[in-house]
There are 4 protein chains.
Amino acid sequence: MSQQDILKTTTIMKVRFHECDPLQIVWHGNYLKYFEEGREDFSRKHGISYVHARENGFSTPIVKSGCEHKLPLEYGDEFVVETTFVNSAAAKIIFEYKIFKSEKLVCTGQTLQVFLNEKRELMLINPPFFADWKKKMGLL
Amino acid sequence: MSQQDILKTTTIMKVRFHECDPLQIVWHGNYLKYFEEGREDFSRKHGISYVHARENGFSTPIVKSGCEHKLPLEYGDEFVVETTFVNSAAAKIIFEYKIFKSEKLVCTGQTLQVFLNEKRELMLINPPFFADWKKKMGLL
Amino acid sequence: MSQQDILKTTTIMKVRFHECDPLQIVWHGNYLKYFEEGREDFSRKHGISYVHARENGFSTPIVKSGCEHKLPLEYGDEFVVETTFVNSAAAKIIFEYKIFKSEKLVCTGQTLQVFLNEKRELMLINPPFFADWKKKMGLL
Amino acid sequence: MSQQDILKTTTIMKVRFHECDPLQIVWHGNYLKYFEEGREDFSRKHGISYVHARENGFSTPIVKSGCEHKLPLEYGDEFVVETTFVNSAAAKIIFEYKIFKSEKLVCTGQTLQVFLNEKRELMLINPPFFADWKKKMGLL
């Protein structure tokens, strides 16, 4: 695998009825669910997830998120979420997202996660389990 | 308080935009959220909740739910959830719900909860904390 | 296709993080989303959907739904939704659902839909587009 | 009313069970629902809403949103959403949000809405109904 394959995952999804609002388009807040699905798909494929964090005594809450919409998604639309892991020296997990429908850009987004220990204290350096994962992936 | 006041709570709510679907009405699954708000309101008013259960080592998952719709709710509608505790001899928590808009019946519903201990084993008799609550409320 | 293949669809899904609650299991109301995905999958495979209804001037709101839980689903669980169309002489759309995890029954459910015309009046006989579909499928 | 009262609304809310995730805190995407409630509350109090837009032939989709989290909210927490209308010369609706629990800052957020006409074309100047509202409110 090249560095780019390591860092990027694409996930195909479909808009569900209950995700759409009275304007007949996906309610803006539901894009964070799509991003989460992209992030989880990335995590499964690369062996790192909220479960690993928890087993090692850490939680990884999202402390910042954003979304910019270019085009709406409608009921039944099939779309692709492109999830990119942004390698950072700091003790943070940064993902960027792009959603495409028929190769047109629908939206872009970002999430930022931090590490908390069991006392919910902020970690200033990467926990060992995460540093190990980065090493294994050639990201450190 | 009369027995009826003990057993019934009314909660006023308002339909939110993101709860409505492309048919311009509240998506049917969101009524379970309204029922939950009614149930929580009942629990707060009467000093019994999922938190009490948890502190006593029990969880109270919902094992059955149902909803029958008579009229739709639309964006901005104000409505009343009437939550009734159905007293049962068995180790179960039964609630019935009625939702009204301008005194017209919108829907009826029911939920059934059981008690699980920390090993997720089903309790066949009421846990002491729940029996105590029933006694205090004059329901036993 | 046999009659049974016509009437039944199976859809594979996975529990997402945001569908789970503080008890670490899927929140009970989210099963109606899984049922909806099963119903939509059935509809796509068999060429009948809320879009067809709308194009023909009808809406098909859910007027009754229910769910009985046997086992919990947890984060990351893969499961199968089995959606069965229940053929009825009345102007109703009835679906039954079974969810399985590793071949164990997780829950059962039902939904009942009716036909409303553009004035939101209840149809007492099947609209032509639906009768046609039933004929095509050998259900009439 | 002073200019500040015109521009700012505070809304009291309570965290519901189904809004919390397996980390026992409000799932990050649900803050966009709280922001929406704040925005709707602002709109009701000041006589401007998605319904007014629609009646005038416009929709006002959210094209950008963001949230920064400082502290978690947990089940049962009562909190205040402070919604501020940011007056802009451009044909945009900008809101800023602050959520407080016991006077501590929980999170900040922003949304940006634009005006689309019935053909979903972007309006480059404020539609008359919105300009009228601004005039009435002393914002123009």
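Attention here is on the structure that accompanies the text. In this text the structure is predicted, and so the values were computed from the model without any measurement.

Another aspect to go through is the sheet that holds strand β4 (residues 92–101) of chain B. The ten strands are arranged β1(B)-β3(B)-β4(B)-β5(B)-β2(B)-β2(C)-β5(C)-β4(C)-β3(C)-β1(C) in an open sheet whose pairing can be described as antiparallel. Both edges of this open sheet fall to β1 (8–14) of chain B together with β1 (8–14) of chain C, since each of them pairs with a single strand only. Recorded for the sheet is a direction-independent mean angle of 15 degrees between the axes of neighbouring strands. Pairing of strand β3 (residues 78–86) of chain C with strand β4 (residues 92–101) of chain C, which is carried by seven bridges, proceeds in the antiparallel orientation.

As a further point, take the packing of aromatic side chains. All chains considered together, the criterion is met by 60 aromatic pairs over all chains. Geometrically, the ring pair formed by A:Phe115 and A:Phe129 is edge-to-face, given 6.1 Å between the ring centres and 85 degrees between the ring planes. Taken together, the positions of A:Phe115 in the loop between β5 (104–114) and α4 (128–136) and A:Phe129 in helix α4 put the pair 14 residues apart, joining distant regions of the chain. Take A:Phe115 and A:Phe129: they sit in the same class, and that class is buried. Judged by centre distance (5.2 Å) and plane angle (75 degrees), the rings of D:Phe42 and D:Phe95 are edge-to-face.

This part is about helix α2 (residues 31–45) of chain A. Taking 1.5 Å as the rise per residue, α2(A) with 15 residues should run 21 Å; its terminal C-alpha atoms sit 21 Å apart, in good agreement. Among the 15 residues of α2(A), 13 are classified as buried, and the element is accordingly described as predominantly covered.

Looking now at the interface of chain C and chain D. A common measure of how large an interface is: the accessible area buried when the components associate. At the interface, eight residues of chain C touch eight residues of chain D. Between chain C and chain D, roughly 840 Å² of surface is buried when both sides are summed, and carbon and sulfur atoms account for 73% of that area. Considering only the surface of chain C that becomes buried against chain D, C:Phe17, C:Pro22 and C:Trp27 emerge as the three largest contributors, covering 59% of it. For the pair chain C and chain D, the interface holds zero salt bridges. Partitioned by chemical class, the residues of the side of chain C that touches chain D number five nonpolar, two polar and one charged.

Right, let's get into the nonpolar core. Core analysis: the biggest nonpolar cluster contains 75 residues, and A:Tyr31, A:Tyr34, A:Ile99, D:Tyr31, D:Tyr34 and D:Ile99 have the highest contact counts within it. When sequence neighbours within four positions are dropped, the list of residues in contact with D:Tyr34 reads D:Met13, D:Val15, D:Glu19, D:Val26, D:Leu73, D:Phe79, D:Val81 and D:Ile99. B:Cys20, C:Met13, C:Tyr34 and C:Phe79 belong to the second largest nonpolar core, which has 71 residues in total.

Glancing now at the sheet that holds strand β3 (residues 78–86) of chain A. Strand order in the open sheet made by the ten strands is β1(A)-β3(A)-β4(A)-β5(A)-β2(A)-β2(D)-β5(D)-β4(D)-β3(D)-β1(D), with antiparallel pairing throughout. Since the sheet does not close on itself, it has two edges, and those belong to β1 (8–14) of chain A together with β1 (8–14) of chain D, each with one partner. Recorded for the sheet is a direction-independent mean angle of 15 degrees between the axes of neighbouring strands. Sheet analysis places strand β2 (residues 62–69) of chain D next to strand β5 (residues 104–114) of chain D, joined by seven bridges and oriented antiparallel. Looking across to β5(D), one finds that D:Lys64 is bridged to D:Leu112.

Bringing the interface of chain C and chain B into the picture now. Opposite the 23 residues of chain C that make contact, chain B presents 23 residues. With both chains or domains summed, chain C and chain B bury close to 2,100 Å², and 59% of this area falls on carbon and sulfur atoms. Area buried by chain C at its contact with chain B is led by C:Trp27, C:His28 and C:Arg120, which between them contribute 25% of it. Where chain C packs against chain B, one counts two salt bridges. Of the charged contacts, one joins C:Glu74 and B:Arg120 as a salt bridge, the two residues approaching to 2.9 Å between their closest N and O atoms. Applying the counting criterion to the chain C and chain B interface returns nine residue pairs in polar contact (both at pLDDT 80 or more). Within the residue set of the side of chain C that touches chain B, elements represented by two or more residues are α2 (31–46) and β2 (62–69) of chain C. Looking at which element gives the most residues to the side of chain C that touches chain B, the answer is β2(C), with eight residues. Counted by class, the side of chain C that touches chain B contains ten nonpolar, six polar and seven charged residues. Where strand β2 (residues 62–69) of chain B and β2(C) come together, five bridges link them in antiparallel fashion.

Parameters and conventions
Residues numbered from 1 in each chain as written. Chains lettered and ligands numbered in written order. Predicted model: local features only at pLDDT ≥ 70, side-chain atom pairs only at ≥ 80, totals over all residues. Heavy atoms only, no water. Pairing = 2+ DSSP bridges. Helix = DSSP H or I, 4+ residues; strand = E, 2+ residues; numbered from the N terminus. Axes fitted to C-alpha atoms, helices over the stretch in contact; angles between N-to-C directions. Phe/Tyr/Trp six-rings, centres within 6.5 Å; stacked < 30°, edge-to-face > 60°. Buried < 20%, exposed > 50% of the residue type's maximum accessible area, 1.4 Å probe, protein only. Expected span 1.5 Å × (residues − 1). Contact = heavy atoms within 4.5 Å. Buried area = accessible area lost by both parts, 1.4 Å probe. Salt bridge = Lys/Arg side-chain N within 4 Å of Asp/Glu carboxyl O. Nonpolar A, V, L, I, M, F, W, Y, C, P; charged D, E, K, R; others polar. Core = buried A, V, L, I, M, F, W, Y, C linked by side-chain atoms within 4.5 Å. Polar contact = N/O pair within 3.5 Å; in protein donor to acceptor, adjacent residues only side chain to side chain.

None of the figures reported here should be taken as evidence of function without further support.
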